[in-house]
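As a plain string of letters, each chain reads:
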Amino acid sequence: MSDTTHDGAIATSARPSPDDGLTPAELAAKYGLSVSGARPGLVEYVRQLWGRRHFILAFSQAKLTAQYSQAKLGQLWQVATPLLNALVYYLIFGLILGAGRGMEKEVYIPFLVTGVFVFTFTQTSVMAGVRAISGNLGLVRALHFPRASLPISFALQQLQQLLFSMIVLVLIVVAFGSYPSLSWLLVLPALGLQFVFNIGMALIMARMGSKTPDLAQLMPFIMRTWMYGSGVMFSIKVMLADKPAWIAEVLMYNPAAIYMDLIRFALIDGYDSSNLPSHVWLAGGLWALLLGVAGFVYFWKAEERYGRG
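Note that the structure is predicted; figures quoted are calculated from it, not measured.

**Brief notes about the overall build of the protein chain**
Here's step 1: The helix and strand tally for the protein chain stands at 13 helices and two strands.
Here's step 2: Among the 309 residues that make up the protein chain, the fraction classed as buried is 45%.
Here's step 3: Long-range pairs, those at least 24 residues apart, make up 77% of the contacts in the protein chain between residues at least 6 apart in sequence.
Here's step 4: Element-wise, carbon and sulfur atoms account for 67% of the exposed surface of the protein chain, whose accessible area totals about 16400 Å².

Below is the structure:
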């Protein structure tokens, strides 16, 4: 289209665009565009995570190696730290406070060490989850990948660390008279359920910690309270025998206590099924399913917000 100006020149005007008047959303739909960093569907998100499985494993191994790289004893601290904690708890709770009442020494020491090692697995997974996003913002903002890879890799790191510790735990159990048997195989499904539970907890804490960094300062107090209420250093049933029965029931069915007791039952000969709550495997499975699924969905729903602002 052209027009003649007052001095005889010819001016041209642009032909109207077919996109004039369309909203940004309509333009995106017309040309098949999508929002950068938009949250994929749940099934697609799972597929993307599976595609990053090698990254998740490599990242967890790198973090595990780097964790003690500056220490002279290196990876030995993976075992020494929970073992020293168990020694301190034995001196305070076992010898001074008599928390091992109702159990022979040959049972109580493996009972205590197992509790410390297994609870530490959950504790460190949760604590690492709190900082999974907020502590890796450079990685989150620089690369496009499913953000759930980070808390999952941190939980996997703690699982690998526990497996190192299990070598020492087995030696301690054997030293106090509990020898390998078929019941030891029950450790595998118990750890599997706890691992799924830990992943769910890490995912929940990762989303919460991404917006509230101060949560990392509060969590040690919460985890310490959880530890004291889970029977790490004592038998809940024995210590609360003179209290209303429902208190012991509630504490024994908390997930940390369930996974500890399942592994104690599997490894320690003198720790029989009378120490376990009813339907303990069902309870352990339900906790893993509930936290695993709920944690994954809860984290996924905020996928597009991680690392922004």
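Moving on, there is more to tell.
**Some details on the side chain of Ser149**
Here's step 1: Mapped onto the fold, Ser149 is located in helix α7 (residues 149–175).
Here's step 2: According to the relative accessible area criterion, Ser149 is buried, its value standing at 0%.
Here's step 3: Within polar-contact distance, the side chain of Ser149 engages the backbone oxygen of Pro146 at 2.8 Å.
Here's step 4: The residues touching Ser149, leaving out its near neighbours within four places in the chain, are Leu49, Arg52, Phe55 and Ile56.

**Quick word on helix α12 (residues 255–267)**
Here's step 1: With 13 residues, α12 should cover 18 Å at 1.5 Å per step; its first-to-last C-alpha distance of 19 Å lies within 8% of that length.
Here's step 2: Across the 13 residues of α12, 12 count as buried, placing the element largely inside the fold.
Here's step 3: What α12 keeps buried is the set Pro255, Ala256, Ala257, Ile258, Tyr259, Met260, Asp261, Leu262, Ile263, Arg264, Ala266 and Leu267.
Here's step 4: At the N-terminal end of α12, a side-chain oxygen is found 3.0 Å from the backbone nitrogen of Ala256, two or three residues along, and the residue is Asn254.

**Quick notes on the packing of aromatic side chains**
Here's step 1: Across all of its chains, the model carries 12 aromatic pairs by this definition.
Here's step 2: For the pair Tyr90 and Tyr108, a centre-to-centre distance of 6.3 Å together with 40° between the ring planes defines the contact as tilted. In this pair, Tyr90 sits in helix α4 (residues 77–96) while Tyr108 sits in helix α5 (residues 105–130), placing the two residues 18 residues apart along the sequence. With respect to burial, Tyr90 and Tyr108 carry one shared label: buried.
Here's step 3: Ring geometry for Phe197 against Trp226: centres 6.4 Å apart, planes inclined by 65°, an arrangement best described as edge-to-face. Of the two residues, Phe197 sits in helix α8 (residues 187–211) while Trp226 sits in helix α9 (residues 215–228), which places them 29 residues apart along the sequence. By the burial criterion, Phe197 is buried, and Trp226 matches it.
Here's step 4: One aromatic cluster is present, built from ring pairs that chain together Phe119, Phe197, Trp226, Tyr259 and Trp287.
Here's step 5: For the cation-ring pair, Arg147 lies above Phe145, with the distance from its terminal atom to the ring centre recorded as 4.8 Å.

**Topic: the packing of α12 against helix α13 (residues 280–300)**
Here's step 1: As a packed pair, α12 and α13 sit with axes 10 Å apart at the nearest point and diverge in direction by 130°. Judged by the angle between their axes, α12 and α13 are oblique. Crossing of α12 over α13 shows left-handed handedness. Where α12 approaches α13, its residues Pro255, Ile258, Tyr259 and Leu262 are matched on the opposing element by Val280, Trp281, Ala283, Gly284, Trp287 and Ala288.
Here's step 2: Its residues assigned to classes, the contact of α12 with α13 shows nine nonpolar, one polar and no charged.

**Re the pattern of salt bridges**
Here's step 1: By the definition in use, this model includes three salt bridges.
Here's step 2: Arg47 is the salt-bridge partner of Glu44, the closest N and O atoms lying 2.5 Å from each other. In this pair, Glu44 and Arg47 are both assigned in helix α2 (residues 42–51), three residues apart and thus about one turn of the helix distant.
Here's step 3: Among the residues examined, Glu44 registers a relative accessible area of 31% and is labelled partly exposed.
Here's step 4: As a salt-bridge pair, Asp261 and Arg264 come within 3.2 Å of each other at their nearest N and O atoms. Here Asp261 and its partner Arg264 are both found in helix α12, three residues apart, which amounts to about one turn of the helix. For the pair Asp261 and Arg264, one class covers both residues: buried.

Rules used in this analysis
- Residues numbered from 1 in each chain as written.
- Predicted model: local features only at pLDDT ≥ 70, side-chain atom pairs only at ≥ 80, totals over all residues.
- Heavy atoms only, no water.
- Helix = DSSP H or I, 4+ residues; strand = E, 2+ residues; numbered from the N terminus.
- Buried < 20%, exposed > 50% of the residue type's maximum accessible area, 1.4 Å probe, protein only.
- Contact = heavy atoms within 4.5 Å.
- Areas by Shrake-Rupley, 256 points an atom, 1.4 Å probe, with all protein chains shown as cover.
- Polar contact = N/O pair within 3.5 Å; in protein donor to acceptor, adjacent residues only side chain to side chain.
- Expected span 1.5 Å × (residues − 1).
- Phe/Tyr/Trp six-rings, centres within 6.5 Å; stacked < 30°, edge-to-face > 60°.
- Lys NZ or Arg CZ within 6 Å of the ring centre and 35° of its normal.
- Axes fitted to C-alpha atoms, helices over the stretch in contact; angles between N-to-C directions.
- Parallel < 35°, antiparallel > 145°, perpendicular 65-115°, else oblique.
- Left-handed = near helix turned anticlockwise from the far one by under 90°.
- Nonpolar A, V, L, I, M, F, W, Y, C, P; charged D, E, K, R; others polar.
- Salt bridge = Lys/Arg side-chain N within 4 Å of Asp/Glu carboxyl O.

None of this, on its own, says anything about what the molecule does.
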